[in-house]
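Results of the structural survey
Listed below are the residues making up each chain.
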Amino acid sequence: MTAKPRERSAARLAAVQALYQHEMENTPQAQLLDEFHRHRLGAQIDEDQYAEAEVTFFDDVVKGVLARRDEIDDLLASKLAQGWSLTRLDRTMLQILRAGAWELMARADVPTGSAISEYLDVAHAFFDAREAKFVNGVLDAVGKQVR
């Protein structure tokens, strides 16, 4: 059974949220995945209905980013303008870039343009057009190097 594109988009957004939670609270990976599986993916919280997400893809992104974070961060840092560092980036922005970079590095089954476009959509959920252009530029540079 193949996942619907919307379910994969929801998985990417949820993965960025989970990575943000891990960054801010240092939630252990197993606990983080369990919490998202039980309470976030496809759940209704207050008045918000969370979209159904492709759980295996969500897990793959979260586990992949956490396992290769240093490698991903080195790659991302090499793509930033001179004088910029990852520590200057907004924490949400950093998680979007980490997830996008990991997908470009590890998921050759996902076309480069699709991966970048999906993380641009995630960026638009949190930021204005200027920041989304930044995500596009960094992930485009990552894609050119790793693919």
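See above for the structure.
The present account deals with the structure reproduced in this document. Positions within a chain are numbered from 1, following the residues in the order the chain's sequence is written. Thresholds applied to this predicted model are a pLDDT of at least 70 for local features of residues and 80 or more for the giving and counting of side-chain atom pairs; totals over whole chains, interfaces and linings are not thresholded and use all residues. Values shown for side chains rest on all heavy atoms present in the structure; no hydrogens or waters enter the calculation.

**Some thoughts on the packing of helix H5 (residues 91-106) against helix H7 (residues 129-146)**
Axis angles are defined between N-to-C directions and span 0 to 180 degrees, where every axis is a line fitted to C-alpha atoms and, for a helix, only to the segment in contact. Numbering of helices and strands starts at the N terminus; helices are DSSP runs of H or I of at least 4 residues and strands are runs of E of at least 2. For the pair H5 and H7, interaxial distance at closest approach is 10 Å and the crossing angle is 25°. As the angle between them shows, H5 and H7 are arranged roughly parallel. By crossing handedness, the relation of H5 to H7 is classed as right-handed. Across the interface between the two elements, Met93, Ile96, Leu97, Gly100, Ala101, Leu104 and Met105 from H5 touch Glu131, Phe134, Val135, Val138, Leu139, Val142, Gly143 and Val146 from H7. Should an angle fall under 35 degrees it is taken as roughly parallel, and over 145 as roughly antiparallel, whereas 65 to 115 is taken as roughly perpendicular and any remaining angle as oblique. Each crossing is labelled by how the near helix is turned from the far one, with a counterclockwise turn of less than a right angle marking it left-handed and a clockwise turn marking it right-handed. Two residues form a contact once any of their heavy atoms are found within 4.5 Å.

**Regarding the environment of Thr27**
One can find Thr27 in the loop between helix H1 (5-25) and helix H2 (29-39). Through-space distance from the C-alpha of Thr27 to that of Ala81 is 31 Å; in sequence the pair is 54 residues apart. Look past the residues within four positions of Thr27 in its chain and what remains in contact with it is Gln21, His22 and Leu32. Side-chain atoms alone can form a polar contact between residues adjacent in sequence; in general such a contact is a pair of N or O atoms within 3.5 Å, and within protein one must be able to donate a hydrogen while the other accepts it. For Thr27, the side chain forms a polar contact with the side chain of Gln21, separated by 3.4 Å.

**Quick word on the nonpolar core**
The biggest cluster of nonpolar side chains holds 45 residues, and the ones touching the most others in it are Phe58 and Leu76. Of all the elements in the fold, those that place two or more residues in this core are H1, H2, helix H3 (55-67), helix H4 (69-79), H5, helix H6 (112-126) and H7. The dominant element in this core, judged by the number of residues it contributes, is H5, at nine residues. To form a nonpolar core, buried Ala, Val, Leu, Ile, Met, Phe, Trp, Tyr and Cys residues must be joined to one another through side-chain atoms within 4.5 Å. Here's how the labels work: a residue is buried when its accessible area is under 20% of the maximum for its type, exposed when over 50%, partly exposed in between, all with a 1.4 Å probe on protein chains only.

**Some points on the packing of aromatic side chains**
Planes of paired rings set the category: under 30 degrees apart is stacked, over 60 is edge-to-face and the rest tilted, where pairs are Phe, Tyr or Trp rings (Trp by its six-membered ring) whose centres lie within 6.5 Å. Overall, the coordinates contain two aromatic pairs when judged by the stated rule. Measuring from centroid to centroid gives 6.4 Å for Phe126 and Phe127, while their planes differ by 55°, and the two rings are tilted. Under the relative-accessibility criterion, Phe127 is labelled buried at 18%. Geometrically, a lysine NZ or arginine CZ counts as sitting over a ring once it is within 6 Å of the ring centre and also within 35 degrees of the ring normal. The cationic tip of Arg88 hangs over the ring face of Trp84; the distance from NZ or CZ to the ring centre is 3.7 Å.

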